[in-house]
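Fold and contact review
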Amino acid sequence: MPEKTKHDPIIPPKEHIYLDGPKSRTYELRFAWKVFYELVRAIRTLHFVGPCITVFGSARFKDDHEYYLQAVEFGKRIAGMGFTTMTGGGPGIMEAANRGAKDAGGRSVGCNIKLPFEQVENKWVDISMTFEFFFTRKTMLIKYSYAFIIMPGGFGTMDEFFETLTLIQTKTITGFPVVLFGKEYYKELLEAMQDMAARGTISPSDMDLVLLTDDIDEAMEHIRKYIQANYKIKPRRRLWWLFEKQ
């Protein structure tokens, strides 16, 4: 067996060291305030958007792609149910869902993010906010929604999908319906999740949290049945003396 090459440790033992050095308390307070301010501004902006269904998906699909066209149809169906379509506010699948909602006369909301590439706000949103922090943006994408549709996407979509699943699995949020759309695209992912269940890292019942389908009718009926079985329509009473943004 070849001898292992020995290296000096990057961080000396028993020494309190942070790779970039600790930030000052002033810096950390300023950061915390920026996060708080972004959350307050987001809540004020989105407070009256109404019950939403969030559509996640890649920013990279063009308007002639099959997935883009299916996302347009999802936006139309969501509007037809009386819900607001919420997306990440960018191009691709997000644009398509917002576009479908607008075409059908529904409400369309986008939660954008500052990025050096890809993420440009689409023109099909009625209400939009651009976020600096991913975690505050994800909070808003989940906070106002009663169902989640996961279209084909990349790392960002997977992050949003598993974050939502984790919150439902741990009962941090209500067990809202999650639709994974695209059987061929998500075939290997579903097999990986089934392997997790077989190995005991998730419960077999956790697989019931997700509906995998290629059928828009099946997806929307799944969402409709859950919402009708668990919620009642109740108009929101607005109190004029609270000076709420409408």
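Here is a short report on the structure shown in this document. (Residues numbered from 1 in each chain as written. Predicted model: local features only at pLDDT ≥ 70, side-chain atom pairs only at ≥ 80, totals over all residues. Heavy atoms only, no water.)

With that settled, the discussion passes to the pairing of strand β3 (residues 108–113). Counting buried residues in β3 gives six out of six residues, a clear majority hidden from the surface. Here β3 shows no split at all, with S108, G110 and N112 on one side and V109, C111 and I113 on the other all buried. Where strand β2 (residues 84–87) and β3 come together, three bridges link them in parallel fashion. Looking at the pairing, M86 lines up with V109 of β3. Pairing analysis gives five bridges linking β3 to strand β4 (residues 127–131), with the strands arranged parallel. Paired with I113 across the two strands is F131, which belongs to β4. (Buried < 20%, exposed > 50% of the residue type's maximum accessible area, 1.4 Å probe, protein only. Helix = DSSP H or I, 4+ residues; strand = E, 2+ residues; numbered from the N terminus. Pairing = 2+ DSSP bridges.)

Below, the discussion takes up the packing of aromatic side chains. Evaluated as defined, the whole model comprises 11 aromatic pairs. With centroids separated by 6.2 Å and ring planes inclined at 80 degrees, the aromatic side chains of Y67 and Y185 adopt a geometry described as edge-to-face. In this pair, Y67 is assigned in helix α2 (residues 66–80) and Y185 in the loop between β6 (178–181) and α6 (187–199), connecting sequence segments 118 residues apart. With a relative accessible area of 36%, Y185 lands in the partly exposed category. Of the aromatic side chains, those joined through ring pairs into one cluster are F56, Y146, F148 and F176. One cation-aromatic arrangement involves K143 over Y144; the distance from NZ or CZ to the ring centre is 5.4 Å. (Phe/Tyr/Trp six-rings, centres within 6.5 Å; stacked < 30°, edge-to-face > 60°. Lys NZ or Arg CZ within 6 Å of the ring centre and 35° of its normal.)

Our next topic: the sheet that holds β2. Adjacent strands of a sheet form backbone hydrogen bonds with each other and so pair up, either parallel or antiparallel. Pairing within the open sheet is parallel, and its seven strands lie in the order β4-β3-β2-β1-β5-β6-β7. Edge strands, defined here as strands with exactly one partner in the open sheet, are β4 and β7 (210–213). The average undirected angle you get between the axes of adjacent strands in this sheet is 20 degrees. Direction of pairing for strand β5 (residues 145–150) relative to β6: parallel, over a ladder of three bridges. (Axes fitted to C-alpha atoms, helices over the stretch in contact; angles between N-to-C directions.)

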